[in-house]
Amino acid sequence: MINNKSLLIVGGLAAAAWLASNSLYVVDETERAVKLRFGEVIEENIQPGLHVKIPITQTVRKFDTRVLTLDTDTSRYLTLEQKAVIVDSYVKWQVVNPTRYYEATSGDEMQAVRLIQPRVDESLRNEFGRLDLQEIIAERRDDLMIGPAEDLDSLMREELGVSIRDIRIKRIDLPEDVSAAVFDRMRSEREREAREWRAQGQEEAERIRANADRRRQVLLAQATERAETLRGEGDAEAAAIYSGAYEQDMEFFTFYRSLNAYRESFEGDGNMLVLEPTSDFFRYLNSANPMGAGEE
């Protein structure tokens, strides 16, 4: 009797444990879930926490809602001018609609990747196809992928219930036959820009040089004018001084001028003057009274 009672208790506890384990479930913070009844979704987007379900008839599917990375295959795309580029990229995606995600992929992450990758490839092919090579090289990679990411995000939300958070370019390479042509074009472009800058520099230098020459001529002309003015004023002042001295004592002034003439005439060696002895030049040399030589 006791043994039967113990067996019933043990069986009851086991049944309760089984019922609890199959009725209660936990959704982690990084997950979202849907509740199914015979494969049909009866409760959508179950949030994190402890929840209850009916055993056997109801099942729960949980999905990781963290941002996941899809490392796409390296692909070859043609630009607007039909030149090939080799692009290596990756995609950041996230489950945002668990019900739609389950219906489209049966909750299989690999199936989701197989559906997302062709869409990404098509989007990148279209984006690179509308740009020429110069635009692809010149634009920042992040800016280049803004349009494709936004368009693909809208499409994937509707088709798969996932959000395309970002598309990033890891590397853009050129085939060897294209690289040489691109480098030549870039070199020619830089040389053209260098010639333009050099021509502008020479033009600016000529303008500065011409302006400096003009200012130099103006300054020289002003300096010459000032010098001539000062020289004229000096000559006028000297003439006034000479005139005043001459008027004070004409005989002494005449004598002083004659002495200067004698000194300048006989200063060098081998100088010769052919003059008559009675010439007025020897007036003070022939006079016994030089200062009175002019007196009768």
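That block above? That's the structure.
Note that the structure is predicted; figures quoted are calculated from it, not measured.

Novice: Lay out the pairing of strand β8 (residues 84-95) in plain terms, naming residues and giving numbers.
Specialist: With nine of twelve residues buried, β8 is to be regarded as a mostly interior element. Here four bridges tie strand β6 (residues 68-71) to β8, and the two strands are oriented antiparallel to one another. Considered in β8, the bridge of D71 is made with Y90. Hairpin connection of strand β7 (residues 75-78) to β8: five residues between the antiparallel strands, including Q82 at a positive phi of 65°.

Novice: Give me the side chain of S75: which residues, what numbers.
Specialist: Along the chain, S75 falls in strand β7. Given a relative accessible area of 15%, S75 falls into the buried group. There is a polar contact of 3.4 Å between the side chain of S75 and the side chain of D121. Here S75 is in contact with V85, I86, V87 and D121, once residues within four sequence places are set aside.

Novice: So what about the sheet that holds strand β2 (residues 31-37)? Which residues, and what values?
Specialist: Pairing is antiparallel in the open sheet, where three strands are placed in the order β3-β2-β5. The strands lining the two open edges of the sheet, one partner per strand, are β3 (40-46) and β5 (58-64). Adjacent strand axes in the sheet meet at a mean angle of 20°, parallel and antiparallel pairs treated alike. One ladder, built from seven bridges, connects β2 with β5; its direction is antiparallel. Each residue of the ladder has a partner; that of E31, found in β5, is D64. Here helix α2 (residues 98-105) sits on the sheet in contact with β2, β3 and β5, set at roughly 135° to β3.

Novice: Which residues make up the packing of α2 against helix α3 (residues 109-129), and what values do they have?
Specialist: One way to put it is that α2 packs onto α3 with a least axis distance of 9 Å and a crossing angle of 85°. One finds that α2 runs roughly perpendicular with respect to α3. Here α2 contributes Y101, A104 and T105 to the contact with α3, which in turn contributes E109, Q111, A112 and L115. The class makeup of the residues in the contact of α2 with α3 is four nonpolar, two polar and one charged.

Thresholds applied
- Residues numbered from 1 in each chain as written.
- Predicted model: local features only at pLDDT ≥ 70, side-chain atom pairs only at ≥ 80, totals over all residues.
- Heavy atoms only, no water.
- Buried < 20%, exposed > 50% of the residue type's maximum accessible area, 1.4 Å probe, protein only.
- Helix = DSSP H or I, 4+ residues; strand = E, 2+ residues; numbered from the N terminus.
- Pairing = 2+ DSSP bridges.
- Polar contact = N/O pair within 3.5 Å; in protein donor to acceptor, adjacent residues only side chain to side chain.
- Contact = heavy atoms within 4.5 Å.
- Axes fitted to C-alpha atoms, helices over the stretch in contact; angles between N-to-C directions.
- Parallel < 35°, antiparallel > 145°, perpendicular 65-115°, else oblique.
- Nonpolar A, V, L, I, M, F, W, Y, C, P; charged D, E, K, R; others polar.

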